[in-house]
Amino acid sequence: MDQAQTYRYQVYVLQETESSKPLLLFAANALEISEWAGIPQRRRLSGEETVGWQREENPGRLRELAKFFDDGSNVVQNPLLCALQDPQCVTFKPLDGLPNFGELVIRASVKQDTPLLEVLELLSQRLESRVPSLKDYPIDADRRRKVRERARFEDGLHPQLLSDPTDLAVLESDEDPSTPQVEENEAEDVASVVLTEETQLVDFYQELRIRIEILRELPVDARPSTLVGFSADAMLSYLQPVVLVDGQHRLHGAVLSAKKKRDTDKLQDLLIDQVNKGISPAEAERDALHNSARMLPVSLLFDANPAEHVFQFVVVNQKATPMGKALLGTIVSTSLSREELEPVADRLRRASIPLDDSQSVSYMTRAEESPFRGLVQTGMGGDDRRHLQWSVLKGLTQIFRELKGGKVFGQTNDYAELWQQRHLGKSDLVSQGESLEEKYRIWREPDGPWRSVFVRFFSIIRDRFGDSDPEAHNAWGNSSKNLYNKISLTILSADYFQFLCETKTVLNDLNDVNKSVEDWLEGVNNQYFARDWRMDLKKDQRRVRETWATVWVEYRKNPARLPRVERYTPSS
């Protein structure tokens with residue numbers, strides 16, 4: 001396709017309210033839509049997450065829609081929901097005297113066969129325009145080295161990559177290459193910036209920059225079209241003039257149906273006839289696809305703000321066919337920078353989207369300091385079934401953030417709420433605020449004091465009771481084992497708050513967390529979770545929950561010797 005390719009449509013303009021951005025309503029050929037509309041999917045590419053917010057396609061649903069579209073009498077009334085992505089490539093000219101009618105012109109900004117290096121450079125510039133501070137982040141040396149190694153061994157790239165001076169300097173150094181080289185007084189400031197809700201934007205940007213560096217080192221004729229999972233096709237979605245907010249399965253189902261018609265004997269004969277007349281095979285095939293594709297209704301939001309795109313996507317999908325909580329949380333909390341999220345944050349909350357919960361859980365799944373980093377299911381393809389479910393981590397964070405839900409199974413007292421009522425007001429962890437209500441509001445902010453307490457508490461639990469071996473009975477990261485699961489982690493959390501209430505402990509700093517956990521676990525054997533409990537029952541049922549809670553609390557209060565294994569297995 002020529003870079004100057006343009007598409008023209010007659011449109012009707014609808015503005016729902018005085019403060020809303022206009023909607024342009026029109027119809028377009030499905031093949032044309034697929035050429036100018038990008039679909040930024042949230043998925044893993046060679047283990048790294050993109051920052052898209054569309055779900056990955058469901059092949060079964062795609063086939064069903066294609067079958068539906070095969071019948072020419074079937075119609076779809078719901079329009080595809082689109083929005084501006086590159087305003088410089090989309091213009092609207094109203095008709096004289098009829099401002100609600102006019103012509104929409106969409107100009108393709110990037111050719112489909114653009115080399116990978118150019119695509120990555122354009123995409124990194126697009127991200128920099130959204131979040132200028134990205135340019136200030138140094139490339140992580142350990143991340144860079146790992147990508148280069150995978151490029152050499154997975155993709156068999158040019159041997160020139162073997163002699164990188166940066167790699168050699170790191171290998172010859174006595175310092176730990178994974179440790180950022182910053183002054184001690186700067187470390188806290190750097191962490192406060194990087195470990196925020198926009199961490200995924202930073203990570204994705206770094207993955208782009210590293211691949212750009214590698215491609216620039218290679219001779220032009222040796223540059224691949226895919227580099228460690230990142231392909232030009234996958235990245236082009238972020239550069240198209242329009243972004244598809246909702247309707248990817250309908251669009252691709254219509255294109256798939258057109259391809260099936262193109263492959264019929266009748267159309268193949270027409271293709272051969274056109275080629276014999278001097279038309280290029282690529283042009284002839286596109287014409288055949290275009291003629292076979294149906295028209296689809298489109299609603300284009302004339303707004304290029306990424307925050308508005310995410311808002312529209314989340315609201316549409318939550319109010320119609322709700323997506324999984326894990327993927328919703330991942331998308332809401334990591335697709336935008338703080339600056340981009342702030343203007344729509346209140347609107348998301350008013351639309352009953354659990355923004356704060358999503359931010360809290362997402363931080364714990366990504367922050368370097370979090371004991372849950374990389375060990376939680378995020379709702380995308382490739383999730384490890386052994387990892388903790390998103391909803392479980394959400395429940396754990398709520399105990400510490402909301403200070404609610406701290407009930408020991410089988411008991412009625414909410415010890416987290418009791419600690420909040422009796423002791424939060426005296427805690428120096430919340431130095432601001434006069435009233436308990438104000439201190440509680442500050443405590444429970446997504447990045448409030450609760451977060452450091454949560455990280456410290458579960459880091460101690462992991463280090464004391466857990467094992468890095470995924471097959472150990474006390475494996476940290478395997479939810480099928482004794483420790484790293486909803487029941488055990490909830491029991492430990494609730495019992496800790498029970499201990500704080502019983503001992504009237506006020507947490508004034510993180511050292512108090514260390515000291516209180518040490519007192520709480522005094523005499524407890526670190527091998528408590530390391531034995532084979534011989535469980536062949538589903539853990540998340542009432543009798544199992546209450547049995548495990550009773551055994552733990554009784555033992556913790558009098559840890560003379562470990563309970564018999566039989567006590568963990570409730571009788572039927």
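The structure presented is a predicted model; accordingly, all values stated were derived computationally and were not measured.

Novice: Got a minute to help me understand the overall build of the protein in this structure?
Specialist: Of regular secondary structure, the protein possesses 22 helices and 12 strands. Within the protein, the proportion of its 572 residues that are buried is 49%. For the protein, the proportion of contacts with a sequence separation of at least 24, taken over those separated by at least 6, is 72%. Accessible area for the protein stands at about 27600 Å²; split by element, carbon and sulfur atoms hold 47% of it.

Novice: Looking at this structure, how should I read the side chain of serine 231?
Specialist: For serine 231, the position within the fold is in strand β10 (residues 230–231). From its side chain, serine 231 meets the backbone nitrogen of alanine 234 in a polar contact 3.2 Å long. Excluding its chain neighbours within four sequence positions, the residues that come into contact with serine 231 are Leu116, Ser225 and Thr226.

Novice: I tried to follow the pattern of salt bridges on my own but got confused; where do I start?
Specialist: Close approach of charged atoms allows side chains with opposite charge to pair. In this structure the tally under the stated criterion is 27 salt bridges. Of the charged contacts in the structure, one is a salt bridge between arginine 216 and glutamate 121, with a shortest N-O distance of 2.9 Å. Residue arginine 216 is located in helix α7 (residues 199–217), and its partner glutamate 121 is located in helix α3 (residues 116–130); the two are separated by 95 residues in the primary sequence. For glutamate 438, the salt bridge is made with arginine 441, and the minimal N-O distance between the two is 2.9 Å. You can see glutamate 438 and its partner arginine 441 sitting in helix α18 (residues 436–443), three residues apart, about one turn around the helix. The class of glutamate 438 is partly exposed, set by a relative accessible area of 29%. Residue arginine 441 is classed as partly exposed on the basis of its relative accessible area, which comes to 40%.

Novice: Would you explain unusual backbone geometry in this entry?
Specialist: It is generally the case that most residues other than glycine have a negative phi and that most peptide bonds are trans. Its identity as a non-glycine residue notwithstanding, leucine 403 has a phi of 55°, on the positive side. Summarising the element assignment, leucine 403 is placed in the loop between α16 (390–401) and α17 (415–423).

Novice: Whenever I open this one, the sheet that holds strand β12 (residues 295–301) confuses me. Can you help?
Specialist: Pairing is mixed in the open sheet, where eight strands are placed in the order β3-β11-β6-β12-β2-β1-β8-β7. Looking at which strands have only one partner, the edges of the open sheet turn out to be β3 (37–38) and β7 (90–95). For strand β1 (residues 6–14) and strand β2 (residues 23–29), the ladder comprises three bridges, and the chain directions are antiparallel. Note that in β2 the partner of leucine 14 across the bridge is leucine 23. Lying over the sheet, helix α9 (residues 248–262) contacts β6 (80–84), β11 (242–246) and β12, oriented at roughly 110° with respect to β11.

Novice: Where do I start with the pairing of β12 in this structure?
Specialist: Within β12, five of the seven residues are buried, leaving the element largely enclosed by the surrounding structure. Bridge analysis of β2 against β12 gives seven bridges, and the strand direction is antiparallel. Bridged to leucine 25 within β12 is serine 299. Across four bridges, β6 lies against β12 in parallel orientation. By the bridge assignment for β12, cysteine 82 is matched with leucine 300.

Novice: Sorry if this is basic, but what is going on with the packing of helix α20 (residues 486–502) against helix α22 (residues 542–557) here?
Specialist: Any two packed helices are characterised by how steeply their axes cross, that is the angle between the axes, and by the distance between the axes. Two numbers describe how α20 lies on α22: the axes approach to 10 Å, and their chain directions differ by 45°. One finds that α20 runs oblique with respect to α22. Where α20 crosses over α22, the handedness of that crossing is right-handed. Here Ile487, Ser488, Ile491, Leu492, Asp495, Gln498, Phe499 and Glu502 of α20 lie close against α22, whose contacting residues are Arg545, Trp548, Ala549, Trp552, Val553, Arg556 and Lys557. Partitioning the contact of α20 with α22 into residue classes produces eight nonpolar, two polar and five charged.

Novice: What am I meant to see in helix α11 (residues 281–292) here?
Specialist: Residue pairs three or four apart in sequence face the same way in an α-helix, which turns once every 3.6 residues. Over its 12 residues, α11 extends 16 Å from the first C-alpha to the last, a length consistent with the 16 Å expected when each residue adds 1.5 Å. Here α11 has its buried residues at Ala284, Ala288, Leu289 and Ser292. All buried residues of α11 project into a common sector of 135° when viewed along the axis, lining one side.

Scoring rules and cut-offs
Residues numbered from 1 in each chain as written. Predicted model: local features only at pLDDT ≥ 70, side-chain atom pairs only at ≥ 80, totals over all residues. Heavy atoms only, no water. Helix = DSSP H or I, 4+ residues; strand = E, 2+ residues; numbered from the N terminus. Buried < 20%, exposed > 50% of the residue type's maximum accessible area, 1.4 Å probe, protein only. Contact = heavy atoms within 4.5 Å. Areas by Shrake-Rupley, 256 points an atom, 1.4 Å probe, with all protein chains shown as cover. Polar contact = N/O pair within 3.5 Å; in protein donor to acceptor, adjacent residues only side chain to side chain. Salt bridge = Lys/Arg side-chain N within 4 Å of Asp/Glu carboxyl O. Pairing = 2+ DSSP bridges. Axes fitted to C-alpha atoms, helices over the stretch in contact; angles between N-to-C directions. Parallel < 35°, antiparallel > 145°, perpendicular 65-115°, else oblique. Left-handed = near helix turned anticlockwise from the far one by under 90°. Nonpolar A, V, L, I, M, F, W, Y, C, P; charged D, E, K, R; others polar. Expected span 1.5 Å × (residues − 1). Arc of directions from axis to C-beta.

Worth remembering: the numbers are spatial, not functional.
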